[in-house]
Amino acid sequence: ESAVRAGSVLVNEIYPGTADSNGLPAGNVATDEQFVELVNVSPEPLDLLGVVLSTTARPRAHVFGSLVLPPGAAVVVWAQSPQGPG
C-alpha cells in the first residue's frame, strides 16, 4: 500500500484518447494513446510505490513501482487505448 495520501497528488491533465461527439472511440483505435499527468502538490517527496491508476475498462491500468516524485514535480503515464490490440 502506498503512503501517498489524498490531496498530495493533483491530476493535472488527462487525455482519454480520440473520441467522437458521442464519446465513442474515433480514428485509429489500434494506435490511439491516452495519458494522465500527476503532480506532487505536497511539500514532501512522494514515493508512488503501489499507487494504482485505473479506469472502468482497466481496473489496474498502471501500478507504479518505486518512483520518488519531488515536491512540484510531475510524471506522465502513457497507455494505449483499451480498444486497441492487447
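Focus: the overall build of the protein chain
At step 1: A count of helices and strands for the protein chain gives 0 helices and 7 strands.
At step 2: In the protein chain, the order of α-helices and β-strands from amino to carboxyl end is β-β-β-β-β-β-β.
At step 3: Burial analysis of the protein chain (86 residues in total) assigns 29% to the buried set.
At step 4: Approximately 5,600 Å² of the protein chain is accessible, and the part contributed by carbon and sulfur atoms is 56%.

With respect to the side chain of Ser8
At step 1: For Ser8, the location among the structural elements is in the segment before β1 (9-15).
At step 2: Excluding residues that lie within four positions of it along the chain, Ser8 makes contacts with Val39, Asn40, Val41, Ser42 and Leu46.

Observations concerning the packing of aromatic side chains
At step 1: Per the stated rule, a full pass over the model turns up 1 aromatic pair.
At step 2: Measuring from centroid to centroid gives 4.7 Å for Phe35 and Trp78, while their planes differ by 45 degrees, and the two rings are tilted. Remark: Trp78 occurs in strand β7 (residues 74-80) and Phe35 occurs in strand β2 (residues 33-40); sequence separation between them is 43 residues.

Some details on the side chain of Ser42
At step 1: Mapped onto the secondary structure, Ser42 falls in the loop between β2 and β3 (46-47).
At step 2: Side chain to side chain, Ser42 and Asn40 meet in a polar contact 2.7 Å long.
At step 3: Reaching out from Ser42, the side chain makes a polar contact with the backbone oxygen of Glu44 at a distance of 2.9 Å.
At step 4: Among all residues touching Ser42, those that are not within four sequence positions of it are Ser8 and Pro71.

Thoughts on the nonpolar core
At step 1: Grouped together as the largest cluster of nonpolar side chains are 12 residues: Val4, Val36, Leu38, Leu46, Leu48, Val51, Leu53, Phe64, Leu69, Ala73, Val75 and Val77.
At step 2: Those elements that provide at least two residues to this core are β2 and β7.
At step 3: Ignoring anything within four residues of it in the chain, the contact list for Leu53 reads Val36, Leu38, Arg58, Pro59, Arg60, Ala61, His62, Phe64 and Val77.

Conventions and cut-offs
- Residues numbered from 1 in each chain as written.
- Predicted model: local features only at pLDDT ≥ 70, side-chain atom pairs only at ≥ 80, totals over all residues.
- Heavy atoms only, no water.
- Helix = DSSP H or I, 4+ residues; strand = E, 2+ residues; numbered from the N terminus.
- Buried < 20%, exposed > 50% of the residue type's maximum accessible area, 1.4 Å probe, protein only.
- Areas by Shrake-Rupley, 256 points an atom, 1.4 Å probe, with all protein chains shown as cover.
- Contact = heavy atoms within 4.5 Å.
- Phe/Tyr/Trp six-rings, centres within 6.5 Å; stacked < 30°, edge-to-face > 60°.
- Polar contact = N/O pair within 3.5 Å; in protein donor to acceptor, adjacent residues only side chain to side chain.
- Core = buried A, V, L, I, M, F, W, Y, C linked by side-chain atoms within 4.5 Å.

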